[in-house]
Amino acid sequence: MASNTRKVRIGDVEIGGGNPVAVQSMTNSKTENIKETVAQIKELEEVGCEIVRVAVPNRKAIAAIPKIKKNIKIPLIADIHFHWEYAVEAIEAGADKIRINPGNIGKLDLVAKVIEKAKEKDIAVRIGVNSGSLHPKYSKEKDIAKALVKSCIEYVNFCEKLKFKNLVLSVKSSSVIDSINAYRMLASETNYPLHLGITESGSLMSGTIKSSVGLGVLLASGIGDTIRVSLSADPVHEVHVAFQILQALGLRSYGPEIISCPTCGRCDIDVIPVVEEIEKQLMKVRVPIKVAVMGCVVNGPGEAREADIGVAGGKKEGVLFKGGKALRRISTSNMAEELMAEIKKLIEDIEKTKEKE
Ligand code: SF4
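Residues numbered from 1 in each chain as written. Predicted model: local features only at pLDDT ≥ 70, side-chain atom pairs only at ≥ 80, totals over all residues.

1. A short note on the overall build of the protein chain
Counting its regular elements, the protein chain contains 12 helices and 15 strands. Dimensions of the protein chain, computed from the C-alpha atoms along their principal axes, are close to 75 × 45 × 35 Å. Looking at the protein chain residue by residue over its 357 residues, the buried ones come to 46%. Across the protein chain, contacts joining residues at least 24 apart in sequence account for 62% of those joining residues at least 6 apart. (Helix = DSSP H or I, 4+ residues; strand = E, 2+ residues; numbered from the N terminus. Buried ≥ 20, exposed ≤ 12 C-beta atoms within 10 Å, placed from the backbone. Contact = placed C-beta atoms within 7 Å.)

Pasting the structure below:
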């Protein structure tokens, strides 16, 4: 379901207004370390990241913005807290968008200076209200979701008074339920594009679960124009998980879908290392094929036949399927290699056909 929000441009990426939900991540290098930051952004670009955010906590980071931008392809967002001057200077330095939490910028006349600069340079601003840094006046509000939305709307109204509507909004909480409630409320009250995220969601495992549940519920009901999966892990995983969420919901096509069984006492082949190896090797592949790795004859042949390529376990060997037909038997000793060789052939054929079209 496409979101029917205002269109906002971030560099050459458009979000909102029915555009595909864009995937963001954030670097965890020191932004002023240009070499490391550029290298990290290039890795993110390689796995499909469409917009990147960098922390701007000092003037060295501001000075790095133009140098980083020269070496990357995707739009860059400057993330600023506390210092309105840094926000103004980051815009001057060429940031494609800035993210502020007006609550920690301070007085509204200082926020106004940032908005006026964004208006002058025609760049978008994300009003990012977080449960961890809500304005003190909402500290007594028991309903965090309501407090997040009230605070966000207050800043939206302020920006609109300044005739500035180039806005993206977020109301993140580390609680999945509060985030869902807040975004639902916000989506019913405004039509600005929404940046979704569950903040500080945790490690690769717990963050993936919390983000998948929270973002999944919202995206499935048509809420959300851009997403970031926050993980205490390599940011590359954030991009993979974000696209996997979108692919699972049928909102974006990202790459191969791997169907594999959980294994049980009937399992005749070593499914887990085969799946792990295939997943690792297909990490950078963007061709949307279905690969099945199934442990026995109960569901194996059916799933393997349904997939583009599949293997179903039998007694100390597997049966390789391609395009719905059984091709040959393969030994358990080199199952991953044989399967991968067939997958590569299929990908080459698909790419050749595409080139001819
Ligand atoms: S496909 Fe076979 S091995 Fe895998 S979970 Fe099902 S019954 Fe068990």
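Picking up where we left off.
2. Considering helix α6 (residues 144–161)
Residues spaced three or four apart along an α-helix point in a common direction, a consequence of the helix completing one turn every 3.6 residues. Look at α6: 26 Å from first C-alpha to last across 18 residues, which is about the 26 Å you get at 1.5 Å a residue. Taken together, the buried positions of α6 are Ala145, Ala147, Leu148, Val149, Lys150, Ser151, Cys152, Tyr155, Val156 and Cys159. Close packing links the buried residues of α6 with α4 (102–105), α5 (108–121), β7 (124–130), β8 (167–172) and α7 (176–189). Phi turns positive, to about 60°, at Lys163, one or two residues after α6. (Expected span 1.5 Å × (residues − 1).)

3. So, the site of the ligand
Looking at the ligand, the residues that line it are Cys261, Pro262, Thr263, Cys264, Arg266, Cys267, Met294, Gly295, Cys296, Val298, Asn299 and Gly300. Its residues assigned to classes, the shell around the ligand comprises seven nonpolar, four polar and one charged. (Near = placed C-beta within 6 Å. Nonpolar A, V, L, I, M, F, W, Y, C, P; charged D, E, K, R; others polar.)

4. Regarding the packing of helix α3 (residues 84–92) against α5
The axes of two packed helices give the description: the angle between them and the distance between them. The geometry of α3 relative to α5 is characterised by a closest axis approach of 9 Å and an angle of 5° between their N-to-C directions. By the criterion of interaxial angle, the relationship of α3 to α5 is roughly parallel. Residues Trp84, Ala87, Val88 and Ile91 of α3 pack against Leu110, Val111, Lys113, Val114, Lys117, Ala118 and Lys121 of α5. In terms of residue class, the contact of α3 with α5 is built from eight nonpolar, no polar and three charged. (Axes fitted to C-alpha atoms, helices over the stretch in contact; angles between N-to-C directions. Parallel < 35°, antiparallel > 145°, perpendicular 65-115°, else oblique.)

5. Brief notes about the pairing of β8
The buried count for β8 comes to six of six residues, which makes it a mostly enclosed element. Side chains of β8 alternate between two faces, with Leu167, Leu169 and Val171 and Val168, Ser170 and Lys172 buried alike. Both β7 and β8 contribute to a ladder of six bridges, which runs parallel. From the neighbouring strand, Val129 faces β8, where its bridge partner is Val171. Viewed along the sheet, the connection from β7 through α6 into β8 turns out right-handed. (Pairing = 2+ DSSP bridges. Right-handed = clockwise from strand over helix to strand, strands pointing away.)

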